[in-house]
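Next come the chains, spelled out residue by residue.
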Amino acid sequence: MQQITRLWQALTLRNRIIVIGAAFVMFWAVLALARLASTPSMTLLYAGLESSAAGEVVAALEQQGVTYEVRNDAILVDSTRRDELRMILAGEGLPRSGTSGYELLDGLSGFGTTSQMFDAAYWRAKEGELARTIVSHPAIVAARVHIASTGANPFQRNVHRSASVSVSTNGAAVSAKHARALQFLVASAVADLTPDDVSIIDAEGTLLSGAEEAKTNTADERAEGLRLRAQRLLEARVGHGNAVVEIALETVTQTESTRERRFDPEGRVAISTDTEERANTSNGTDNGVTVASNLPDGDAAAAATSASENTETRERVNYEVSSTEREVIQQPGAIKRMTVAILINGITTPDASGTPIFAPRPEEELTALGDLVGSAVGLDETRGDALTIRTLQFEPSAPIGTLVEAGLLERLAIDTMTLVQSLVLAIVALVLGLFVLRPILSRPVPLATPQLSAPIRRAPVQDPALTPLSGVIEDGDIDVAGLSDVSEAPQISLRPRLDGGTDDPVSRLRALIGQRQEETVEILRNWLEAEEERA
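This is a predicted model, so every value here is computed, not measured. (Residues numbered from 1 in each chain as written. Predicted model: local features only at pLDDT ≥ 70, side-chain atom pairs only at ≥ 80, totals over all residues. Heavy atoms only, no water.)

**A word on helix α8 (residues 363-377)**
- The end-to-end C-alpha separation of α8 is 21 Å, in line with the 21 Å expected for 15 residues at 1.5 Å each.
- Residues of α8 that are buried: Glu 365, Leu 366, Leu 369, Gly 370, Val 373, Gly 374 and Val 377. One side of α8 carries all its buried residues, which in axial view fall inside an arc of 165 degrees. Residues of α8 that are exposed and angled more than 90 degrees away from the buried face: Glu 364, Asp 371 and Ser 375.
- For α8, the secondary structure elements touched by its buried residues are α7 (219-238), β8 (243-251), β11 (335-345) and β14 (386-392).
- The first or second residue beyond α8 is Gly 378, which carries a positive phi of 75 degrees. (Helix = DSSP H or I, 4+ residues; strand = E, 2+ residues; numbered from the N terminus. Expected span 1.5 Å × (residues − 1). Buried < 20%, exposed > 50% of the residue type's maximum accessible area, 1.4 Å probe, protein only. Arc of directions from axis to C-beta. Contact = heavy atoms within 4.5 Å.)

**Quick word on the sheet that holds strand β1 (residues 42-47)**
- Read from one edge of the open sheet, 3 strands run β1-β3-β2, paired in antiparallel fashion. With partners counted over all chains shown, the strands left at the sheet margins are β1 and β2 (68-71), one partner each. Strand-to-strand twist across the sheet, computed as the mean angle between neighbouring axes with direction ignored, equals 30 degrees.
- Where β2 meets strand β3 (residues 74-78), 4 bridges bridge the pair, whose relative direction is antiparallel. Across the sheet, the residue bridging to Arg 71 is Ala 74, located in β3.
- Where helix α3 (residues 51-64) meets the sheet, it contacts β1, β2 and β3, and its direction lies at approximately 20 degrees from that of β3.
- The sheet strands contacting helix α4 (residues 82-91) are β1 and β3, and the helix crosses β1 at an angle near 25 degrees. (Pairing = 2+ DSSP bridges. Axes fitted to C-alpha atoms, helices over the stretch in contact; angles between N-to-C directions.)

**Things to note about the nonpolar core**
- In this structure, Ile 134, Val 165, Val 167 and Val 198 are the most contacted members of the largest nonpolar core, which totals 21 residues.
- Of all the secondary-structure elements, those providing two or more residues to this core are α5 (115-135), β4 (140-148), β5 (162-169), α6 (176-189) and β6 (198-201).
- Those residues in contact with Val 198 that sit more than four places away from it in its chain are Ala 163, Val 165, Gln 183, Val 186, Ala 187 and Leu 193.
- Core analysis: the next-biggest nonpolar cluster, separate from the first, contains 18 residues, Ala 243, Ile 344, Val 377 and Ile 389 among them. (Core = buried A, V, L, I, M, F, W, Y, C linked by side-chain atoms within 4.5 Å.)

**Description of unusual backbone geometry**
- Positive phi, normally seen in glycine, also occurs at Asp 192, with a value near 60 degrees.
- Note that Asp 192 resides in the loop between α6 and β6.

**With respect to the sheet that holds strand β7 (residues 207-208)**
- Pairing in this open sheet of 4 strands is mixed, and the strands run β4-β5-β6-β7 from one edge to the other. In this open sheet, the two edge strands, each paired with only one partner strand, are β4 and β7.
- Pairing geometry for β4 and β5, over 8 bridges, is antiparallel. Directly across from Ala 142, in β5, lies its bridge partner Ser 168.
- Of the strands in this sheet, β4 and β5 are in contact with α5, which crosses β4 at around 150 degrees.
- Here α6 sits on the sheet and contacts β4, β5, β6 and β7; the angle it forms with β6, its principal contact strand, is near 135 degrees.

**Description of the packing of aromatic side chains**
- If you walk through the whole model with that rule in mind, you get 1 aromatic pair.
- Seen in terms of ring centroids, Tyr 122 and Trp 123 are 5.4 Å apart; in terms of plane orientation they differ by 70 degrees. Their pairing is edge-to-face.
- Using a relative accessible area of 17% as the deciding quantity, one classes Trp 123 as buried.
- Just above the ring of Tyr 46 sits the side chain of Arg 86; from NZ or CZ to the centre is 5.9 Å. (Phe/Tyr/Trp six-rings, centres within 6.5 Å; stacked < 30°, edge-to-face > 60°. Lys NZ or Arg CZ within 6 Å of the ring centre and 35° of its normal.)

**Focus: the side chain of Arg 227**
- By the secondary structure assignment, Arg 227 is in helix α7.
- In this structure, Arg 227 is in contact with Val 245, Glu 246 and Ile 247, ignoring residues within four places of it in sequence.

**Some words on the pattern of salt bridges**
- Counted according to the given criterion, the structure contains 16 salt bridges.
- When the shortest N-O distance is used, the salt bridge between Arg 132 and Glu 129 registers 3.5 Å. Taken as a pair, Arg 132 and Glu 129 lie in helix α5 at a separation of 3 residues, close to a single helical turn.
- The class for Arg 132 is partly exposed, based on a relative accessible area of 30%.
- The partner of Arg 278 in a salt bridge is Glu 276, and the shortest N-O contact between them spans 3.0 Å.
- Judged by its relative accessible area of 43%, Arg 278 falls in the partly exposed class.
- Through salt bridges with shared partners, one network takes in Arg 237, Arg 361 and Glu 365. (Salt bridge = Lys/Arg side-chain N within 4 Å of Asp/Glu carboxyl O.)

**Topic: the confidence of the model for the protein**
- Here the protein averages 75 in pLDDT, and 69% of its residues register 70 or above.
- In the model, residues 459-473 has pLDDT below 50 throughout and makes 1 contact with residues more than four positions away in sequence or in other chains.
- Counting contacts from residues 482-500, a segment whose pLDDT is below 50, to residues more than four positions away or on other chains yields 11 contacts. (pLDDT = per-residue confidence, 0-100.)

**Some words on the pairing of strand β12 (residues 347-350)**
- One ladder, built from 4 bridges, connects β12 with strand β13 (residues 356-359); its direction is antiparallel. Residue pairing across strands places Thr 349 opposite Ile 357, the latter belonging to β13.

**A closer look at the pairing of β6**
- Of the two faces of β6, only one is covered, namely that formed by Val 198 and Ile 200; the face formed by Ser 199 and Ile 201 stays uncovered.
- Sheet topology note: the β5/β6 ladder contains 4 bridges and is parallel. Note on β6: the bridge partner recorded for Val 165 is Ile 200.
- Pairing of β6 with β7 involves 2 bridges; the strand directions are antiparallel.

**A short note on the packing of α7 against α8**
- Axis separation between α7 and α8 bottoms out at 9 Å; the angle between their running directions is 150 degrees. Put simply, α7 runs roughly antiparallel to α8. Two packed elements cross with a definite hand, and for α7 against α8 that hand is right-handed. Packed against α7, whose contacting residues are Leu 226, Arg 229, Ala 230, Leu 233, Leu 234, Arg 237 and Val 238, the element α8 presents Glu 365, Leu 369, Leu 372, Val 373, Ala 376 and Val 377 at the interface. (Parallel < 35°, antiparallel > 145°, perpendicular 65-115°, else oblique. Left-handed = near helix turned anticlockwise from the far one by under 90°.)

Here it is as structure tokens:
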């Protein structure tokens, strides 16, 4: 403490201000870093909750004494306890959804509950359960379901149910396939409700159509499917990246309807037979009139008798001529012609010196591969299809971009924020040790010097043999011949001596001060006190 006080007194006002400011900044930095290190790393617990549900979660966290932060609509907790807190809150039924489900029916009692009240609670519970199911999808944040119910009157006719669903997403658009799935979900949960009677509305007020997406089967898509099939077959033999397949399809783009009817005259079929028979029989008498018969007494001629019989048979047979009627409708998309082009890399083998030598593949192998590809894609030569297969040397291509590799921090699974905090604390400790503690500790602590008694001042004794100088140089009294030249004066050697010392006065003074530190300090102190007294 005495040494610190002496050092402080030896500083000027400007240096004192600098030391005070540096100490304050250092203290603040150490305090801030200590607080930063002691503060846990916060991570997201829940976000996007309704106000009531978020209040219940915060109350549960406060009851358990958990440190948390609330930023906008997000609740953050210590990252090391996030999963634990989620399981604890889930056991307590938190966070509760804003929509209620079948638990609404638990509060209904048999006394004082009418059928209309029960129906209203039932449909409300049904809507809440459907909304919960819809919100369970990761892309949907909130959902509301409304079902138009006409009651449970059994005497109603032509009851037409309908429903509407309002959804809010996390920014992603609801596809037609997803909207169609929501329609079937709601329609399957409500009796007598069809999917077409369910309307889906997003947060922007757009009516989403649940119509199924038309399946496209264009020529390019079919060619791509055939190309992948052929390339997969070739790469099984030549290796990955050693085969290139291209397929071009020429398809029918017009709709054609053909209706044909043929008659076969040789083929007859009796469809009906009509037989008719007729028989006629007649008997008669012929009374002839003469001149004698007209007389009064004349003799009348005898009467003549006649008989007739007629038989007729008629048969009618109806035949139907055999006929064949055929109608053919040809839709667009039929393949008219197919062309297949295959390029296969050759074989590269090193020679004796290690130099790679390219060699094309044999024709037998190309023929076999061509037959396999033709069978795989359905090649038909009668239709005009063509297949071309060649073997050539591929040019090596360098990969584009740089390879993404996992960094050191990712492989070590270290929290970056924790590492930065530890590094900053280490730097502060190092600076504090090098520039503050080390200079203080490295200073030699002065030993307690013994108290010296005041020296006795004695009067100077003049030697009678010595005559004091008068300050005047007398000419003629100096023996010039007895004086030596300056150049003949002994030279001071600065080279080190054999015993390790030196003839340098400064070095000898330093060695003397090192040997007699206490006396040197006392002399310097006396000089300082003398200077202060003079001032």
